[in-house]
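Below are the chains, spelled out letter by letter.
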Amino acid sequence: MFDCTAVIPVYNRKTTVQRAIDSIINQSVPLREVIVVDDGSTDGTADFIQSNYPDVKVLSQPNKGVSAARNAGIEESSGEWIAFLDSDDQWLSNKIETQSHWLLTHPDVLICHCDEIWIRNNIRVNPKKRHKKQGGWIYLNCLPLCVISPSAVVIHRKVFEAIGIFDETLPACEDYDLWLRITKKFEVGYVDQPLLVKYGGHSDQLSRKYKAIDRFRITALAKSLNSDCLPLEHRKKTLETLIEKIEIYLGGARKRSKSNQVLDYQVMRNHYIAQLEQIG
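Below or above, wherever it landed, is the structure these notes cover. (Residues numbered from 1 in each chain as written. Predicted model: local features only at pLDDT ≥ 70, side-chain atom pairs only at ≥ 80, totals over all residues. Heavy atoms only, no water.)

## Some details on the overall build of the chain
1) Next: Scanning the chain for helices and strands turns up eleven helices and nine strands.
2) Next: Its C-alpha atoms give the chain a radius of gyration of 19 Å, within 12% of the compact-globule value 19 Å for 280 residues.
3) Next: Across its three principal axes, the chain shows a C-alpha extent of roughly 55 × 45 × 35 Å.
4) Next: Here the chain holds 280 residues, and 53% of them are scored as buried.
5) Next: The long-range share in the chain, meaning contacts at least 24 apart out of those at least 6 apart in sequence, stands at 76%.
6) Next: When the accessible surface of the chain is summed, it comes to about 13,400 Å², and 49% of that surface belongs to carbon and sulfur atoms.
7) Next: Of the side-chain charges in the chain, 36 are positive and 35 negative, and the distance between the mean point of each set is 8 Å. (Helix = DSSP H or I, 4+ residues; strand = E, 2+ residues; numbered from the N terminus. Rg over C-alpha atoms; globule rule 2.2 N^0.38 Å. Buried < 20%, exposed > 50% of the residue type's maximum accessible area, 1.4 Å probe, protein only. Contact = heavy atoms within 4.5 Å. Areas by Shrake-Rupley, 256 points an atom, 1.4 Å probe, with all protein chains shown as cover. Lys, Arg positive; Asp, Glu negative; His and termini not counted. Charge placed at Lys NZ, Arg CZ, Asp CG, Glu CD.)

Following this line, the structure appears as structure tokens:
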């Protein structure tokens, strides 16, 4: 047994969470436990899981968002390692076996992710080059966009003890924020093999729920700049990315005639431009 806890956050996905849970139960190596955190579902998700999966631990809480749900699972977990699975995704049967073998042969690495298969509206699609996965010291690769999927990672609990858990103030891009915090301090392992299926295109995805999602990435990048462990080159690249994303958000705010937001983000942009000029 690989000493690992699987955590599934779920909100009103009774129809897809069964596939996710089954993909954990059918792993080629057993896990210590499976924890499903029901984030205030109103469709009977929690009752369905308790009735059909008696060995799965179900935590129920008022609707607080995916970060709070994952954090509740982390806090309840007893495994040395923690693996996340979104309720609409599916692990291939050899995912944990493959990643656990990789981690055992790289004992200094405390986080490992893998490649993935993308299904959008029931059709397989190929990721673009900018979505290419990789391992190593990948902080700079994490700046433009989220390049690690929560469903792909296996993380040692020491990582959370060092950098904290998901930021519950971020309704979206909470994973982007976490990867920035992790990759500043930790090398990332990577298995160049698709070990999960990610399903997209449905109406309840967070990327569809929140418009102008770059505003959450702006918050995460600003937080990253407050770190005292950023090398000068990383700080410069972070500033450049932050200014670029502020410009994108400003363009949208102007189109929507959000004059107060335009003023606020212009001030913010000028502040970070001044910081960048100081670095030279």
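Moving on, there is more to tell.
## Considering the state of the cysteines
Two cysteines form a disulfide when their sulfur atoms are joined by a covalent bond.
1) Next: The final tally for this structure, using the stated rule, is zero disulfides.
2) Next: Between Cys112, a cysteine without a disulfide, and Cys114, which holds the nearest cysteine sulfur, the sulfur-to-sulfur distance is 7.2 Å.
3) Next: Judged by relative accessible area, Cys112 falls into the buried class, the value being 0%.
4) Next: The thiol sulfur of Cys146 is not disulfide-bonded, and the nearest other cysteine sulfur, from Cys142, lies at 7.5 Å.
5) Next: Exposure remark for Cys146: the relative accessible area of 24% places this residue in the partly exposed category. (Disulfide = S-S within 2.5 Å.)

## Some points on the side chain of Lys245
1) Next: Within the secondary structure, Lys245 sits in helix α10 (residues 232-255).
2) Next: At 2.9 Å, the side chain of Lys245 forms a polar contact with the backbone oxygen of Pro144.
3) Next: Residues in contact with Lys245, not counting those within four places in the same chain, are Leu143, Pro144, Tyr176, Asp214, Arg217, Ile218 and Leu221. (Polar contact = N/O pair within 3.5 Å; in protein donor to acceptor, adjacent residues only side chain to side chain.)

## A short note on the packing of aromatic side chains
1) Next: Taken as a whole and assessed by the stated rule, the structure comprises four aromatic pairs.
2) Next: Here the aromatic rings of Phe84 and Phe160 are separated by 6.3 Å at their centres, their planes lie at 85°, and the arrangement is edge-to-face. Pair noted here: Phe84 is in strand β4 (residues 81-84) and Phe160 is in helix α6 (residues 157-163), with a separation of 76 residues, a long-range link.
3) Next: Overall, Phe160 belongs to the buried group, its relative accessible area being 7%.
4) Next: With 4.5 Å between their ring centres and 45° between their planes, Tyr249 and Tyr265 make a pair best called tilted. With Tyr249 in helix α10 and Tyr265 in helix α11 (residues 259-279), the pair connects residues that are 16 residues apart, well separated along the chain. (Phe/Tyr/Trp six-rings, centres within 6.5 Å; stacked < 30°, edge-to-face > 60°.)

## Some points on the nonpolar core
1) Next: Judged by nonpolar contacts, the single largest core of 81 residues is most densely connected at Ile49, Phe84, Trp91, Ile155, Trp179 and Ile182.
2) Next: It is α10 that provides the largest number of residues to this core, a total of seven residues.
3) Next: If near-sequence neighbours (up to four positions away) are discounted, Trp91 is found in contact with Ala6, Ser23, Ile24, Gln27, Leu31, Ala83, Phe84, Leu85, Ile96, Ser151, Leu195 and Leu196.
4) Next: In terms of nonpolar packing, the next biggest core, distinct from the first, is built from five residues, Ile35, Val37, Leu59 and Ala72 among them. (Core = buried A, V, L, I, M, F, W, Y, C linked by side-chain atoms within 4.5 Å.)

## Some details on helix α1 (residues 14-25)
It helps to recall that an α-helix has 3.6 residues per turn; residues three or four apart then point in one direction.
1) Next: Between its first and last C-alpha atoms α1 spans 17 Å; for twelve residues at 1.5 Å apiece the expected length is 16 Å, and the two agree.
2) Next: Along α1, the residues classified as buried are Thr16, Val17, Ala20, Ile21, Ser23 and Ile24. Summarising the axial view, the buried residues of α1 lie within an arc of 155°, below the 170-degree limit, and thus occupy one face.
3) Next: Packing partners of the buried residues in α1 comprise β1 (2-10), β2 (31-39), α2 (45-52) and β5 (90-91). (Expected span 1.5 Å × (residues − 1). Arc of directions from axis to C-beta.)

## Here we look at the side chain of Arg217
1) Next: Among the secondary structure elements, Arg217 is positioned in helix α9 (residues 214-225).
2) Next: There is a polar contact of 3.0 Å between the side chain of Arg217 and the side chain of Asp214.
3) Next: In contact with Arg217, other than residues within four places in its own chain, are Cys173, Tyr176 and Lys245.

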